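Examination of the molecular architecture
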Amino acid sequence: MASVFEYAPAPESRSVVDIAPSYGLFIDGEFTDAADGKVFKTVSPSSEEVLAEVAQAGAADVDRAVKAARKAFEKWSALPGSERAKYLFRIARIIQERSRELAVLETLDNGKPIKETRDADLPLVAAHFFYYAGWADKLDHAGYGANPRPLGVAGQVIPWNFPLLMLAWKIAPALATGNTVVLKPAETTPLSALFFADICRQAGLPKGVVNILTGYGDAGAALVEHPDVNKVAFTGSTAVGKKIARHVAGTDKKVTLELGGKGANIVFDDAPVDQAVEGIVTGIFFNQGQVCCAGSRLLVQESIHDELLHSLKRRLSTLRLGDPLDKNTDIGAINSAEQLARITALADTGEAEGAERWSPACELPSSGYWFAPTLFTNVTQAHIVARDEIFGPVLSVLTFRTPDEAVAKANNSQYGLSAGIWTEKGSRILAVANKLRAGVVWANTFNKFDPTSPFGGYKESGFGREGGRHGLEAYLDV
């Protein structure tokens, strides 16, 4: 049935952001070329257009950045917390002032819809800096003893799915607690981190307190392995997280790992179906499913399976896929050709294993990296699509009869990052949540974040917590 309403294009203007032809590494308060002169190109996933040429850091550049951070640490850590807070408040306000520019930049470099960068990512980025600015002069009262001390130089490696938000999660608590930072953004999304470097200069942040190294995995490995790095914070794949854990074992480096997930979204028979459907869509199709805590496994009580699936398919048929800069777009581009190939291969495997595949009628643009929203039904726990993290807009639907069966199926995963519960009974929410091995459990909602709330997982989803008071501990010698 045709929609009553036709949406006219509503593109956000690209003119609000000025992308330079080339960018250097940000070391000791200045932009500089890589020691060996190497560069790489960053492209827009929605069009495959080259956005800029970026310096490619190597081991020598990592060493320069760590030395700059170490030099800056002495004065930065000696500042009163109230003085460090002033810089963080200033950064937060500048982020708010430049939020439209940063939202457009993030959409161009990452491929996610502008309404997500504008309405979710950027407000949360500013909120994290405001929140940790408030903690900077109150560390004595954070519950970690009197006069807790910073660790030193933090080496931070962040992923491409939330480039600026992951930067905020890492840098804000590190600076609030008196540490200095060397951060490596993902090679497919380097631009927002480089714009953040400019914000640091605009805020008057002392040289060397924040250093940004763009590059590939070898630069991240060199940063993690550098002997003068005291703290390692990594968000990314479980495979790389395991390598980092093996390397830091036996050293005195403190480490936080936030890795993969295969979140279970559990819908009981008393749940409001329309509300649950919206939560399911948010849980798996937000950011094209490229979210570590995505609700990629839907567990539905058998008695409402058909009704909920009908409503879900009807809702998916209304999602708009296309230009991420269009304010009406719901589904943007996949971040890279490599990620698209992985999603495609895993979805094809699910179909080959006998799961039933369904996607709404969807015209994919001719250029860029695109994947239609996809449902798999008749899925068992043995299927690859029910076990492996796909990191794309792919939802696997399973059923259960009793709460105990729901909990058993939800916990039957190597991951333990997130889960969702949909029911009108508060007692059931509490009873089920207490049995789930997931770091974050949402009730009658999904993918809600707040800087005051800790985030992290169990099992192969990593260890340590980011956000909230708990996020301070990772950067303190307690």
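No experiment lies behind these values; they were computed from the predicted model shown. (Residues numbered from 1 in each chain as written. Predicted model: local features only at pLDDT ≥ 70, side-chain atom pairs only at ≥ 80, totals over all residues. Heavy atoms only, no water.)

**Focus: the overall build of the protein**
We count it as follows: Helix and strand definitions follow DSSP, with helices as H or I runs of at least four residues and strands as E runs of at least two, each counted in order from the N terminus. Every radius of gyration here is taken over C-alpha atoms, with the globule rule written as 2.2 Å times N^0.38, N being the number of residues. Each residue gets one of three labels from its accessible area relative to the maximum for its type: buried under 20%, exposed over 50%, partly exposed in between, using a 1.4 Å probe on protein chains only. Any two residues whose heavy atoms approach within 4.5 Å at even a single point are treated as in contact.
Of the regular secondary structure elements, the protein holds 15 helices and 22 strands. The C-alpha radius of gyration of the protein comes to 22 Å, within 12% of the 23 Å expected for a compact globule of 478 residues. Once the C-alpha set of the protein is aligned to its principal axes, its extents read approximately 65 × 50 × 35 Å. Within the protein, the proportion of its 478 residues that are buried is 59%. Restricting to contacts in the protein with at least 6 residues of sequence separation, those with at least 24 account for 75%.

**Side note on the pairing of strand 13 (residues 297-301)**
Here is the rule: Here, any two strands with at least 2 DSSP bridges between them count as paired. Crossovers are described as right-handed under a simple rule: with the strands pointing away from the observer, the path leading from the first strand over the helix to the second runs clockwise.
Along strand 13, five of the five residues are buried, which leaves the element largely enclosed by surrounding structure. Here strand 13 shows two buried faces, one formed by R297, L299 and Q301 and the other by L298 and V300. One ladder, built from four bridges, connects strand 12 (residues 264-267) with strand 13; its direction is parallel. Residue N265 lies in a different strand from strand 13, and its bridge partner there is L298. Chirality of the crossover, the property in question, places the unit of strand 12, helix 9 (residues 273-285) and strand 13 among those that are right-handed. Where strand 13 meets strand 16 (residues 394-400), five bridges bridge the pair, whose relative direction is parallel. Bridge pairing in strand 16 places Q301 opposite F400.

**Remarks on the domain arrangement of the protein**
For the record, the criterion: Boundary definitions for the domains trace back to an automatic or database domain assignment. Using a 1.4 Å probe, buried area is obtained as the accessible area two parts lose upon being combined, added over both of them. What counts as a salt bridge is simple: a side-chain nitrogen of Lys or Arg found within 4 Å of a carboxyl oxygen of Asp or Glu. N or O atoms within 3.5 Å of each other form a polar contact, as long as, within protein, one can give a hydrogen and the other can take it, and as long as residues adjacent in sequence are counted only when both atoms are side-chain atoms. Lys, Arg, Asp and Glu make up the charged group, whereas Ala, Val, Leu, Ile, Met, Phe, Trp, Tyr, Cys and Pro make up the nonpolar group; the residues left over, Gly among them, are polar.
The assigned domain composition of the protein is domain 1 (14-259 + 461-473) and domain 2 (264-443). Distance from the C-alpha centre of domain 1 to the C-alpha centre of domain 2: 30 Å. The interface is formed by 29 residues belonging to domain 1 together with 31 residues belonging to domain 2. The junction of domain 1 with domain 2 conceals about 2,300 Å² of combined surface from both sides, 57% of it contributed by carbon and sulfur atoms. For the interface between domain 1 and domain 2, the tally reads one salt bridge. The partner of D330 in a salt bridge is K115, with the nearest N and O atoms 2.5 Å apart. Our enumeration of links across domain 1 and domain 2 arrives at twelve residue pairs in polar contact (both at pLDDT 80 or more). Contributions of two or more residues to the side of domain 1 that touches domain 2 are made by helix 3 (99-110) and helix 4 (114-135). When grouped by side-chain class, the residues that make up the side of domain 1 that touches domain 2 number ten nonpolar, ten polar and nine charged.

**Focus on unusual backbone geometry**
Backbone geometry places N444, a non-glycine residue, at a positive phi of 55°. Secondary-structure assignment places N444 in the loop between strand 19 (440-443) and strand 20 (458-459). Judged by relative accessible area, N444 falls into the partly exposed class, the value being 25%. Despite not being glycine, K459 shows a phi value in the positive range, around 50°. One can find K459 in strand 20.

**Some points on the packing of helix 5 (residues 163-176) against helix 6 (residues 191-202)**
Definition in use: Every angle, taken between N-to-C directions, lies between 0 and 180 degrees, and every axis is a line fitted to C-alpha atoms, over only the stretch in contact when it is a helix. Oblique is the label for every angle not falling under 35 degrees (roughly parallel), over 145 degrees (roughly antiparallel), or within 65 to 115 degrees (roughly perpendicular). Left-handed describes a crossing in which the near helix is turned anticlockwise from the far one by less than a right angle; the clockwise case is right-handed.
Relative orientation of the contacting elements helix 5 and helix 6 amounts to 50°, with a least axis distance of 8 Å. In terms of their interaxial angle, helix 5 and helix 6 are classed as oblique. Helix-helix and strand crossings are classified by hand; for helix 5 and helix 6 the assignment is right-handed. Counting all contacts with helix 5, which are made through P163, L164, L167 and I171, the residues of helix 6 involved are S192, A193 and F196. The residue makeup of the contact of helix 5 with helix 6, split by class, is six nonpolar, one polar and no charged.

**With respect to the UniProt feature "domain: Aldehyde dehydrogenase" (unreviewed entry) in the protein**
Selection rule: UniProt positions are given in the numbering used here, feature names are shortened, and annotations may be inferred rather than shown by experiment.
UniProt tags residues 32-477 as "domain: Aldehyde dehydrogenase" (unreviewed entry). Taken end to end, residues 32-477 is 41% helix and 17% strand, and its two terminal C-alpha atoms sit 32 Å from one another.

**What about the sheet that holds strand 4 (residues 39-43)?**
Spatial ordering of the open sheet is given by 1-5-4, a layout of three strands whose pairing is mixed. The strands lining the two open edges of the sheet, one partner per strand, are strand 1 (22-23) and strand 4. Bridging between strand 4 and strand 5 (residues 50-55) involves five bridges; their strand directions are antiparallel. Each bridged residue has a counterpart across the sheet, and for V43 the counterpart in strand 5 is V50. Together, strand 1, strand 4 and strand 5 form the strand contacts of helix 6, whose direction differs from that of strand 5 by roughly 65°.

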